[in-house]
Amino acid sequence: MLTALEGAYGDRADAVTVAGRTASYEELLGAAGAVAADVAGAPAFAVTATASLETVAAVVGGLLAGVPCVPLPPDAGPAEREHILRDSGAAEIAVDFARRADAPSGKPAASEDPALILYTSGTTGPPKGVVLGGAAIATDLDALADAWQWSADDTLVHGLPLFHVHGLVLGVLGALRTGSRLVHTGRPTPDAYASAGGSLYFGVPTVWSRIAAEPDAASALSGARLLVSGSAALPAPVFRDLERLTGHRPVERYGMTETLITISGRAGGEVRPGTVGTPLTGIRTRVAAEPGAGIGELQLTGPTLFSGYLGRPEATAAAYTEDGWFRTGDIAAVDETDGVHRIVGRASIDMIKSGGYRIGAGEIENALLDHPKVREAAVVGVPDADLGQRIVAYVVADGVTGAELTDFVAAHLSVHKRPREVRFVTAVPRNAMGKPQKKLLLEGGHDERA
Ligand code: MLC
Ligand code: AMP
């Protein structure tokens, strides 16, 4: 998997820069070798995945040792951290990037063994561990390199979190497989992207929308080769602003933690706003639509799929159809003439995408219900120009402010899972089964408390 670290492109003094610190391949390999020696033989290990060279060394060290790394969101509160550590059985390690050790030999890097365990939210309950095999990751990265003409001549720039597929698998392992230089900007700000001087840029739509709102920063990207957007739908106005300001039509791609990236536009190919391109090499898709409907649930198969949810065989089985296709839960349509896919929405109202983060409504509701003053809670995603969707919590509670509840969630789970708005109501509308009727909440069919 780590072609660049095997010497395929020689060494490079500026191979990897993260948040202003730079390492060569040799330095990274030495630091990762020290991690590999520490974790060898463990079932899994965890690292607080700050945007740092330490996180890169930890993940690479795990690959060298054949031990999967569990990256912990650095802003996770105690409840979320404890859940992930308990559920994965991983012990957290500290990384000293100044240490060096030789990499262990003999372990095939791109095997069927688990390489990463990434925690991601379902519609209900706490996050599940998604087990990703080395071969699935390597296959996906090669398919993306092919689709984007991504090579050792590129300098990849992004500033995405290092605990999800986008920033970690594509944004770090992708650079180490293709041999492209990596500049991680620490935070994905317009200024940082503008001054990084890259050829290939990754961002979630919120990042692209903030760049498009700063024309000077956007025009600094005109010298790039390719701009790629993913993790949520890129709004057509942002696409058009980027094209006007940078001269580039951004390529959109579609993926999931469980499937890795499966559908993408192609470098040099035609890209249309609102579409995510065609399946990558080896991926087959189908749309489970009612006859004549044309849109329905997107289902897929291929070599990039996950190995399962850690310790949850029933949840893994439920993610597939009877005939073995993975159910994405996304609603899609496919152009009959050119096979270009369009993601129309999500099947479940309880799966929220905010700033490119996937957030289950149930997890936030449970956190709110843990607050002693909260009697009922229903969480929805409301359209938002900056974040795509913003988390809005409807709560029945007395003697507590919205800001206190927001801070409560930010402290217990992750900062990015906090409600951006709390609306107090006298009751959550429910159906005869007692299930919250969230569509009514979104349509305003409820009593706001005075
Ligand atoms: C505010 N803050 C609080 C707070 N209110 N902290 C604690 N408690 C509160 N009540 C502060 C924090 O300290 C932090 O400060 C800051 O707010 C973080 O704010 P935010 O609102 O979370 O950041 P924001 O600017 O909204 O983030 C936008 C974003 C982010 C685009 C940078 O959403 C992001 O990084 N998204 C990427 C998600 C991603 O990678 N998804 C990929 C999933 S993989 P400070 O000091 O830290 O700033 C996938 C597969 C695929 O989907 O297809 O790719
Ligand atoms: P995650 O597991 O965090 O990777 O989130 C996966 C989800 O992100 C998918 O199921 C989609 O709902 C959404 N997603 C990813 N890429 C796109 C895209 N290009 N357009 C629309 N939705 C996307």
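This text goes with the structure placed above it.
What comes next is a walk through the structure. (Residues numbered from 1 in each chain as written. Chains lettered and ligands numbered in written order. Predicted model: local features only at pLDDT ≥ 70, side-chain atom pairs only at ≥ 80, totals over all residues. Heavy atoms only, no water.)

Next up on the list: the site of ligand 1. Taken together, 24 residues lie around ligand 1, and Ser231, Arg253, Gly355, Gly356 and Asp407 are the ones closest in. In this structure, arginine 253 approaches ligand 1 through a side-chain N or O atom, which is 2.7 Å from an oxygen atom. Secondary structure elements with two or more residues in the shell around ligand 1: helix H5 (165-178), helix H7 (205-212), strand E12 (251-256) and helix H12 (402-412). The leading source of residues in the shell around ligand 1 is H7, at three residues. Composition of the shell around ligand 1 by domain shows at least three residues from each of domain 1 (3-255) and domain 2 (351-442). (Near = heavy atom within 4 Å. Polar contact = N/O pair within 3.5 Å; in protein donor to acceptor, adjacent residues only side chain to side chain. Helix = DSSP H or I, 4+ residues; strand = E, 2+ residues; numbered from the N terminus. Domains from an automatic or database assignment.)

Taken in spatial order, the nine strands line up as E2-E1-E9-E8-E10-E11-E12-E13-E14 in an open sheet, and their pairing is mixed. Since the sheet does not close on itself, it has two edges, and those belong to strand E2 (21-23) and strand E14 (278-279), each with one partner. Bridge count between strand E13 (residues 260-264) and E14: two bridges; the pairing is antiparallel. Bridged to isoleucine 263 within E14 is proline 279. (Pairing = 2+ DSSP bridges.)

Of note in the backbone geometry, glutamine 149 takes a positive phi value of approximately 50° without being a glycine. Position of glutamine 149 among the secondary structure elements: in the loop between helix H4 (134-148) and strand E8 (155-158). Of note, the phi angle at leucine 260 is positive, near 60°, even though the residue is not glycine. Mapped onto the elements of the fold, leucine 260 is located in strand E13. Overall, leucine 260 belongs to the buried group, its relative accessible area being 0%. (Buried < 20%, exposed > 50% of the residue type's maximum accessible area, 1.4 Å probe, protein only.)

A few words now on the layout of surface pockets. The calculated volume of the second largest pocket comes to roughly 460 Å³. For the second largest pocket, the lining is made up of 22 residues, of which Thr123, Tyr309, Arg327, Arg346 and Met351 are closest to its centre. Counting only elements with at least two residues in the lining of the second largest pocket, the list comes to helix H10 (313-318) and strand E18 (326-334). It is E18 that provides the largest number of residues to the lining of the second largest pocket, a total of four residues. By residue class, the composition of the lining of the second largest pocket is nine nonpolar, seven polar and six charged. (1 Å grid on protein atoms, 1.4 Å probe; cavity = no way out; pocket = protein on both sides within 12 Å on 5 of 7 lines; lining within 4 Å. Points joined across faces, edges and corners; volume = space filled by probe spheres on them. Nonpolar A, V, L, I, M, F, W, Y, C, P; charged D, E, K, R; others polar.)

The subject of this paragraph is the environment of alanine 194. Tracing the sequence through the fold places alanine 194 in helix H6 (residues 190-195). Look at alanine 194 and you get partly exposed, because its relative accessible area is 22%. Sequence-wise, alanine 194 and tyrosine 254 are 60 residues apart; in three dimensions their C-alpha atoms are separated by 25 Å. Discounting residues that sit within four places of it in the chain, alanine 194 has contacts with Ala217, Ala220 and Leu221. (Contact = heavy atoms within 4.5 Å.)

In this section: the packing of helix H11 (residues 361-369) against H12. Running from amino to carboxyl end, H11 crosses H12 at an angle of 115°, the nearest separation of the two axes being 10 Å. Relative to H12, H11 is oriented roughly perpendicular. As for the relative orientation of H11 and H12, their crossing is right-handed in sense. Contact residues: H11 offers Ile364, Ala367 and Leu368, while H12 offers Leu405, Phe408 and Val409. Classifying every residue of the contact of H11 with H12 gives six nonpolar, no polar and no charged. (Axes fitted to C-alpha atoms, helices over the stretch in contact; angles between N-to-C directions. Parallel < 35°, antiparallel > 145°, perpendicular 65-115°, else oblique. Left-handed = near helix turned anticlockwise from the far one by under 90°.)

Geometry only, nothing functional implied.
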